[in-house]
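# Close look at the chain arrangement
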Amino acid sequence: MTDAIAMTDSPEEILPGVIFYSYLSAVRREKVSLWNHPTLIYQVSGQFTLETPGQTMVINGGELLLLGKNQVGTMTKVPPPGAPYETLVISLQEDLLRTIALEEGLEPDGPYQGLPNRKIPVNDFLKGYFRSVVPYARHAGAAPTDALGLLKVKEAIFLVLRTSPDLRNFLFDFSAPHKINLEKFMLHHFQFNIPVEQFAQLTGRSLSAFKRDFRRVFGSPPRQWLQEKRLDQARYLIGTKNRKASEVYLEVGFRSLSHFSYAFKRKFGHPPSGSGAL
C-alpha cells in the first residue's frame, strides 16, 4: 500500500454500508450481484459493464450509472492500460430515502416507467461532487464522520434529481415488489447462485408463497429444480459448445468446481469432460 492510495482488490467502505470505493489492478468478472437498494456507480477510471437478463450497461471514466433495486446481474471491471480501475459506489438505502421524502415532501407522482438501470448525465455540479468524495477514498484514515457521510449521500440524491427530475418516481417508490411471472423469471435467472429466499424476494413473494407457487409451476422444490437446470445447461455448454468444466461451473451457478464435478457425475454417470458430456 502506498501512502496515498489504498491498493485493494475488494471494495473499501468509506461510510459503512453506504459509500464504497474499489481499486483493481486486473480484470475482474463477478457473476452474481444482488442489490436491494437503488445504487449510484461513478466510474473514476477504467470500464464497468453490467449485464442483466434485460439490459447491458457500460460506463467509462467520468460516467455515472444509477441501478434499480432488487436485481441480479454480472459485473465486469476492466482497468485502463497502465492504470488502476477505480470506482465509487453509493447505496441509496430506503430508510434514508424515506427520511428525505418526508423532509422535502417528495412523493412519486406515478409509477416509474423507464428502464431499471440508467446512465445519468454528469454535469459540472456532479463532477464537483465526486471530486469532493474521491479524496476520502484515496487517503487512508480520511473517512468522513457518519453525519458528514450521510450529508454527502443526501447531496448526491439532490444533484441527481436536479439533473433528471423524472427519477423522483424511480427513487421514492417504496411499494413492495409486485408478484411477477415465476416461470419466466426463473428460466432467465436460474444461473444466478443466490439463496432461495432472495429468489422469493425478487419475484415479489414470501418464502412460503414462492415454494408453493414454484412446486405448482415446475413440479419440484426450488433447490432440486435449480441444480437439475444448472447441470443440464452445463452439459449443453460442454458437449455442444466445447466449453471446459472449469469455464462453465460459475457461469451456470455453482460456487466450486469440485461440487459441480461431483453433482455432474452423479447425474450423468461420467465427469464433465470429453465427448462423454453428451
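It should be noted that the structure appears before, not after, this text.
Presented here is a report on the structure given in the accompanying data block. Residue numbers here run from 1 along each chain, matching the order of that chain's written sequence. Confidence filtering applies because this is a predicted model: local features only for residues at pLDDT of at least 70, side-chain atom pairs given and counted only at 80 or more, and all residues used for totals across whole chains, interfaces and linings. Each side-chain value is worked out from all heavy atoms of the structure, with water and hydrogens disregarded.

## Here's the deal with the pattern of salt bridges
Test applied: Between Lys or Arg on one side and Asp or Glu on the other, a salt bridge is scored when a side-chain nitrogen of the former is within 4 Å of a carboxyl oxygen of the latter. Numbering of helices and strands runs from the N terminus, with a helix taken as a DSSP run of H or I at least four residues long and a strand as a DSSP run of E at least two residues long. We call a residue buried when its accessible area falls under 20% of the maximum for its residue type, exposed when it is over 50%, and partly exposed in between, using a 1.4 Å probe and counting protein chains only.
Considering all chains together, one arrives at 13 salt bridges under this definition. For Glu63, the salt bridge is made with Lys119, and the minimal N-O distance between the two is 3.9 Å. You can see Glu63 sitting in the loop between strand 6 (55-60) and strand 7 (64-67) and its partner Lys119 sitting in strand 10 (residues 117-120), a full 56 residues away along the chain. Overall, Glu63 belongs to the partly exposed group, its relative accessible area being 29%. Classification of Lys119 by relative accessible area gives partly exposed; the value is 40%. Glu155 is paired through a salt bridge with Lys152; the nearest N and O atoms lie 3.2 Å apart. Residue Glu155 and its partner Lys152 are located together in helix 3 (residues 146-163), separated by three residues, close to a single helical turn.

## Some remarks on the side chain of Gln71
Note the cut-off: In protein, a polar contact means a hydrogen-donor-capable atom and an acceptor-capable atom, both N or O and within 3.5 Å, with residues adjacent in sequence counting only if both atoms are side-chain atoms; elsewhere, any N or O pair within 3.5 Å suffices.
Looking at the element boundaries, Gln71 is found in strand 8 (residues 71-78). Given the relative accessible area of 9%, Gln71 is considered buried. For Gln71, the side chain forms a polar contact with the main-chain oxygen of Gly68, separated by 2.8 Å. A polar contact is formed between the side chain of Gln71 and the side chain of Asn117, at a distance of 2.8 Å.

## Some words on the sheet that holds strand 10
Threshold: Strands are treated as partners if at least two bridges between them are detected by DSSP. Axis definition: a line fit to C-alpha positions, over the contact stretch in the case of helices; interaxial angles, taken between N-to-C directions, run 0 to 180 degrees.
Pairing is antiparallel across the open sheet formed by six strands, whose spatial order is 1-2-9-4-7-10. Every interior strand has two partners, whereas the edge strands, strand 1 (12-15) and strand 10, have only one. The mean inter-strand angle of the sheet, taken between neighbouring strand axes irrespective of direction, is 25 degrees. Relative to strand 7, strand 4 (residues 39-45) runs antiparallel, the two sharing four bridges. Each bridged residue has a counterpart across the sheet, and for Tyr42 the counterpart in strand 7 is Leu64.

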